[in-house]
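One letter stands for each residue in the lines below.
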Amino acid sequence: MAQKIELKGKSFLTLKDFTAEEITYFLDLAAELKEKKKQGILTETLRGKNVALIFAKTSTRTRCSFEVAAHDLGMGTTYLEPAASQIGKKESIKDTARVLGRMFDGIEYRGYGQEIVEELAKYAGVPVWNGLTNEYHPTQMLADLLTIREHFGDLAGRKLVYMGDARYNMGNSLMIACAKVGMHFVACAPEKYFPDQALVEECRKFAEESGATITLTKDVSAGTKDADIIYTDVWVSMGEPDSVWEERIRDLTPYKVTMDVMKNAGEQAIFLHCLPAFHDLQTDIGREMNEKFGIEDMEVTDEVFESEQSVVFDEAGINLCRVFAIDDLLDVCERPSNRTTDILFDGLTKCDLENANTIQLHVVDIDFNFICPETCRFSEIRPSKNTPNLSRIVLRDI
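Residues numbered from 1 in each chain as written. Predicted model: local features only at pLDDT ≥ 70, side-chain atom pairs only at ≥ 80, totals over all residues. Heavy atoms only, no water.

Draft legend 1. Summary view of the pairing of strand β9 (residues 270-273). By the alternation rule, side chains of β9 split into I270 and L272 and F271 and H273, which are all buried. Looking at chain direction, strand β8 (residues 229-232) and β9 are connected through four bridges and run parallel. Among the inter-strand pairings, Y231 is bridged to a residue of β9, identified as L272. (Buried < 20%, exposed > 50% of the residue type's maximum accessible area, 1.4 Å probe, protein only. Helix = DSSP H or I, 4+ residues; strand = E, 2+ residues; numbered from the N terminus. Pairing = 2+ DSSP bridges.)

Draft legend 2. Up close: the pattern of salt bridges. Counting across every chain of the model gives 20 salt bridges. E247 serves as the salt-bridge partner of K192, at 2.8 Å between the closest nitrogen and oxygen. Placement of K192 in the loop between β6 (184-188) and α7 (197-210) and of E247 in helix α9 (residues 245-252) is noted, with a sequence separation of 55 residues between them. Overall, K192 belongs to the partly exposed group, its relative accessible area being 48%. Taking the relative accessible area as the measure of exposure, E247 reaches 31% and is therefore partly exposed. (Salt bridge = Lys/Arg side-chain N within 4 Å of Asp/Glu carboxyl O.)

Draft legend 3. Quick look at the nonpolar core. If you look at the biggest cluster of nonpolar residues, it comprises 61 residues, and the most contacted ones within it are L160, M183 and F185. Looking at which element gives the most residues to this core, the answer is helix α6 (residues 169-181), with eight residues. Not counting residues within four places of it along the chain, the set of residues in contact with L160 comprises I148, L174, C178, M183, H184, F185, V186, I229 and Y231. V161, C188, F271 and V304 belong to the second largest nonpolar core, which has 21 residues in total. (Core = buried A, V, L, I, M, F, W, Y, C linked by side-chain atoms within 4.5 Å. Contact = heavy atoms within 4.5 Å.)

Draft legend 4. Representation of the packing of aromatic side chains. This structure, assessed with the given rule, holds nine aromatic pairs. Seen in terms of ring centroids, F55 and Y79 are 5.2 Å apart; in terms of plane orientation they differ by 40 degrees. Their pairing is tilted. Of the two residues, F55 sits in strand β1 (residues 50-55) while Y79 sits in strand β2 (residues 76-80), which places them 24 residues apart along the sequence. By relative accessible area, F55 is classed as buried at 1%. Aromatic side chains F66 and W129 sit 6.3 Å apart centroid to centroid with 35 degrees between the ring planes, which places their arrangement in the tilted category. Highlighted residues: F66 in helix α2 (residues 61-72) and W129 in strand β4 (residues 128-132), separated in sequence by 63 residues. Put simply, the rings of F12, F18, Y25 and F26 pair up and form one aromatic cluster. The ring centre of F18 lies 4.4 Å from the NZ or CZ of K10, which sits over that ring. (Phe/Tyr/Trp six-rings, centres within 6.5 Å; stacked < 30°, edge-to-face > 60°. Lys NZ or Arg CZ within 6 Å of the ring centre and 35° of its normal.)

Draft legend 5. Inspection of the packing of α6 against α7 at higher detail. With their axes 7 Å apart at the nearest point, α6 and α7 run at an angle of 20 degrees to one another. As far as their axial angle goes, α7 and α6 are roughly parallel. Contacts between α6 and α7 involve N172, M175, I176, A179, K180 and V181 from the former and L199, V200, C203, F206, A207 and S210 from the latter. When its residues are assigned to classes, the contact of α6 with α7 shows nine nonpolar, two polar and one charged. (Axes fitted to C-alpha atoms, helices over the stretch in contact; angles between N-to-C directions. Parallel < 35°, antiparallel > 145°, perpendicular 65-115°, else oblique. Nonpolar A, V, L, I, M, F, W, Y, C, P; charged D, E, K, R; others polar.)

Draft legend 6. Spotlight on the environment of G76. Tracing the backbone through its elements, the reader meets G76 in strand β2. It is 8.7 Å that separates the C-alpha atoms of G76 and A52, two residues lying 24 residues apart in sequence. The residues touching G76, leaving out its near neighbours within four places in the chain, are K49, N50 and V51.

Draft legend 7. The side chain of N169, seen in detail. When you line up the elements, N169 lands in helix α6. N169 sits in the buried class, given a relative accessible area of 7%. Sequence-distant contacts of N169, defined by excluding residues within four places in its chain, comprise L132, T133, N134, E135, Y136 and H137.

Draft legend 8. Quick peek at the sheet that holds β2. Ordered by their spatial adjacency, four strands build an open sheet running β2-β1-β3-β4, and the pairing between neighbours is parallel. Each having just a single partner strand, β2 and β4 make up the two edges of the open sheet. Averaged over neighbouring strand pairs, the angle between their axes works out to 20 degrees when direction is ignored. In this sheet, β2 lies alongside β1 in parallel orientation, the contact comprising five bridges. By the bridge assignment for β2, I54 is matched with L80. This element, helix α4 (residues 114-124), spans β1, β3 (106-110) and β4 of the sheet and lies at about 165 degrees to β4.

Draft legend 9. Structural detail: the confidence of the model for the protein. Mean pLDDT over the protein stands at 85; residues scoring 70 or higher make up 80%. pLDDT under 50 marks residues 332-398. Its contacts with residues more than four places away, or in other chains, come to 131 contacts. (pLDDT = per-residue confidence, 0-100.)

Draft legend 10. Main features of the side chain of T217. With respect to the element layout, T217 can be found in strand β7 (residues 213-217). The contact partners of T217, leaving out residues within four places of it in the chain, are V186, A187, C188, A189, F194 and G223.

Draft legend 11. Geometry of the sheet that holds β8. An order of β7-β6-β5-β8-β9 is seen for the five strands of this open sheet, with the pairing classed as parallel. At either end of the open sheet lies a strand with only one pairing partner, and these are β7 and β9. When strand polarity is set aside, the average angle formed by the axes of neighbouring strands in this sheet is 20 degrees. Note: β6 against β7, five bridges, orientation parallel. From the neighbouring strand, A187 faces β7, where its bridge partner is L216. Against the sheet, α6 engages β5 (159-163), β6, β7 and β8, with an angle of about 170 degrees to β5.

Draft legend 12. Molecular detail of the environment of I87. Along the chain, the position of I87 falls in the loop between β2 and α3 (93-103). I87 sits in the partly exposed class, given a relative accessible area of 21%. When the C-alpha atoms of I87 and I54 are compared, they prove to be 9.1 Å apart, with 33 residues separating the residues in sequence. When near neighbours in sequence (up to four residues on either side) are disregarded, I87 contacts I54, L80, I93 and T96.

Structure follows, in structure tokens:
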């Protein structure tokens, strides 16, 4: 049984917002729910809840894992894609957040800039989960960390090498995750593909507390030596122009994951990839790149992808468990009202105030009129530390 840590109502936007203990709790809970599912034990603890799934970028694994996990936990889901909604076209993110926050108990967003998911979380009044942005992919990290822990039995002290373009969501998030849980992170790439220096320094501060290390190197042999995990991702992300393919292929081909790389890491090493992967010519993009540049694979060879050291499909299966874990954030307070609210503290006595002198209410652009009884006075209204959209209205005895 995962030891309970109170996180209800908190949004899941980046692992920077969570401690090592909280991340471990997510992993423990995911493992627990995974085992219950395997045994056929129902865990419909969130029956009656509903979540909105906003997919500005399409996905196979993220959508399926959210929908199946929500169903297993008893929740309903509504899938929203750009062609089927007015998000960002006729309706701003701020307005969308305030509408969906009144209809749903939680919102998942998968799309572009981190500022979008941050704005959703600011105004929704319900938990928001980052299913992927340009900058971060925190839910994928739960799947990756659980995969690694299941394979090796631990996390702390393990060496993870990320090969390829380390500037975006996967490189950033793996660096953060490793720094938080005490793993040694190596970005192995040309220098211009290194993570942002400000984030590197932030992660090194996390690493000081956990015992992790952060290394940036252009040397494939030195970087991958004795690694426990070799990780890569596609070289061009969804939304980037096709014109970047030629440059990426030229720059990153020396950082392709090959059997020589795996041998240099050692027989204990496993290969991970968040998928989809361009390891053969069985996709439209793979065939297109073959016609243009004469290549048969890109970030990983088919030999590595299909080898015994590859655990990418176990990793993909655990994607479901990452959502089991973060859905524990869903037990939130009441949904915000959609009208002006008069709050009448009539009938409160001195004894009532001594026993419960703090009342919590959702505040999402709502006008409040406070009417206090003669036995008390309105003292203050201040934001909650953990949930910005939750305010604490404090009454004190006169």
